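Okay, here's what each chain looks like letter by letter:
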Amino acid sequence: MKKTLKNSLVIILGITFLSITSCSSDSDSSSNTPDNTITGIASRTSNLSTLVAALNKAGLAATLKGTGLYTVFAPTNDAFDDFLAENGYDNLDAVPVATLKEILLNHVVSGENTSSSLSTGYVKTLSKGSASSTNTLSMFINTASGVKINGISNVTAADVDASNGVVHIVDAVIGLPTVAAHAKANSNFTTLVSLLNRPGQPNFESVLSNPGTYTVFAPTNDAFTALNTELEPTGGIAAVSADNITKILQYHVVSEANVLSSQLTEGQNITPILTPSQTFQVLLSGGAKLKDASNRQCNIIATDVQCSNGIIHVLSKVLLPNL
């Protein structure tokens, strides 16, 4: 009987020891599992340490450790150093938290977008500027030669896979884009940008880079080529006086308003900054169009390119006021 009890006690102690050992092993295994979220990967990447510090300061580290799917364009330490110097900040602590948060969110796109799925065009970030409390900022991706973001930041290492999305490492911090910055980033607006900076013009680029709220109806390069052909009998665009170029450009800008495409209505008259004032009309039947003061019509071919200080809608033709 004593021998039986002794054997039973040994068996019980053995089972207990094995259970404890198993639990300890499970715990050790769990603690050694790497954090493969976006935040976790960034934390293990030496040249992203400033990004991690910025995420912690802005309260976004937990977000990018969560269960949603995100695409993050991650600036390197050198990129942050350049950004701080260019914007007059002594260090990361000098950047206001609210400002830092929106800048960081301007690097984040919803969903998992690998490099092979990226194409030239606009996507929405998670950031907001001062012009709209509802419409998040647009990001212009150019894949003509590698991947360039908003004309300033290049992807240097793509497709770092994470459990909650993907990371693309970039060589410059992507600041909140103004109307002028978005126009300069898109090669379809090179003629518009050149006219904005043409000798004899007001400093349009400076105005559209500054705080304020603007809605810009932006003609493409093809639109200006068509206008040049239209004006060919009188010498083309080159023969248009500086004063009239100013009027044409002002005719495409509305101030103190961030007009979303959803706010455009049939027959609506839009009053731009041109003085004396002239209007153009919105036509929605059969597709969104505008009718200018000369009764010429153009198509709105892209809408709601949200900038920090306004919004851009893209036009197939140049609007002409009465000159």
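If you're wondering where the values come from, they're calculated on a predicted model, not measured in any experiment. (Residues numbered from 1 in each chain as written. Predicted model: local features only at pLDDT ≥ 70, side-chain atom pairs only at ≥ 80, totals over all residues. Heavy atoms only, no water.)

**Considerations on the packing of aromatic side chains**
Ring pairs (aromatic) are described by centroid distance and by the angle formed between their planes.
Thinking step 1. On inspection of all chains with the given rule, the structure shows 4 aromatic pairs.
Thinking step 2. Measuring from ring centre to ring centre gives 4.9 Å for Tyr 122 and Phe 140, while their planes differ by 50°; the resulting arrangement is tilted. Of this pair, Tyr 122 sits in strand E3 (residues 121–124) while Phe 140 sits in strand E4 (residues 138–142), placing them 18 residues apart in sequence.
Thinking step 3. Overall, the relative accessible area of 29% leaves Tyr 122 in the partly exposed class.
Thinking step 4. Relative accessible area serves as the criterion here: at 4%, Phe 140 is assigned to the buried category.
Thinking step 5. Between Tyr 251 and Phe 280 the ring centres are 5.5 Å apart and the planes differ by 80°, which places this aromatic pair in the edge-to-face class. Within this pair, whereas Tyr 251 is found in the loop between helix H10 (242–250) and strand E9 (253–255), its partner Phe 280 is found in strand E11 (residues 280–283), the two being separated by 29 residues in sequence. The burial state of Tyr 251 is the same as that of Phe 280; both residues are buried.
Thinking step 6. An aromatic cluster of three or more residues is present, and its members are Phe 217, Tyr 251 and Phe 280. (Phe/Tyr/Trp six-rings, centres within 6.5 Å; stacked < 30°, edge-to-face > 60°. Helix = DSSP H or I, 4+ residues; strand = E, 2+ residues; numbered from the N terminus. Buried < 20%, exposed > 50% of the residue type's maximum accessible area, 1.4 Å probe, protein only.)

**Quick look at the sheet that holds strand E13 (residues 297–307)**
Thinking step 1. The mixed open sheet is built from 7 strands, whose spatial order is E9-E8-E14-E13-E12-E11-E10. Single-partner strands in this sheet number two, and they are E9 and strand E10 (269–270).
Thinking step 2. The sheet contact formed by E10 and E11 spans 2 bridges and is antiparallel. Counted as the bridge partner of Ile 270 is Phe 280 from E11. (Pairing = 2+ DSSP bridges.)

**Side note on helix H4 (residues 77–86)**
Thinking step 1. Within the span of H4, buried status applies to Asn 77, Ala 79, Phe 80, Phe 83 and Leu 84. Summarising the axial view, the buried residues of H4 lie within an arc of 155°, below the 170-degree limit, and thus occupy one face. Along H4, exposed side chains directed more than 90 degrees from the buried face belong to Asp 78, Ala 85 and Glu 86.
Thinking step 2. For H4, the secondary structure elements touched by its buried residues are helix H3 (49–58), strand E1 (70–75), helix H5 (97–105) and strand E7 (165–170).
Thinking step 3. Once H4 finishes, Gly 88 follows within two positions and takes phi at roughly 75°, a positive value. (Arc of directions from axis to C-beta. Contact = heavy atoms within 4.5 Å.)

**A closer look at the sheet that holds E4**
Thinking step 1. An order of E2-E1-E7-E6-E5-E4-E3 is seen for the 7 strands of this open sheet, with the pairing classed as mixed. On the outer flanks of this sheet lie strand E2 (108–110) and E3, each paired with one strand and no other.

**Topic: the confidence of the model for the protein**
Thinking step 1. Counting all residues, the mean pLDDT for the protein is 91, and 90% of those residues have values of 70 or more.
Thinking step 2. Every residue in residues 1–30 scores below 50 in pLDDT, and together they form 0 contacts with partners more than four places removed in sequence or on other chains. (pLDDT = per-residue confidence, 0-100.)

**What to know about the pairing of E11**
Thinking step 1. Examined bridge by bridge, E11 and strand E12 (residues 289–291) share 3 bridges and lie antiparallel to one another. Considered in E12, the bridge of Gln 281 is made with Lys 291.
Thinking step 2. Adjacent in sequence and paired antiparallel, E11 and E12 are bridged by 5 residues, among which Gly 286 carries a positive phi angle near 80°.

**Considering the pattern of salt bridges**
Thinking step 1. Following the criterion strictly, the structure yields 4 salt bridges and no others.
Thinking step 2. Across the pair Lys 65 and Asp 35 runs a salt bridge whose closest N-O atoms are separated by 3.4 Å. Of the two residues, Lys 65 sits in the loop between H3 and E1 while Asp 35 sits in the loop between helix H1 (2–31) and helix H2 (38–43), which places them 30 residues apart along the sequence.
Thinking step 3. With relative accessibility at 25%, the residue Asp 35 sits in the partly exposed group.
Thinking step 4. Its salt-bridge partner being Arg 296, residue Asp 292 comes within 2.5 Å of it at the nearest N-O pair. With respect to class, Asp 292 is no different from Arg 296; both count as buried. (Salt bridge = Lys/Arg side-chain N within 4 Å of Asp/Glu carboxyl O.)

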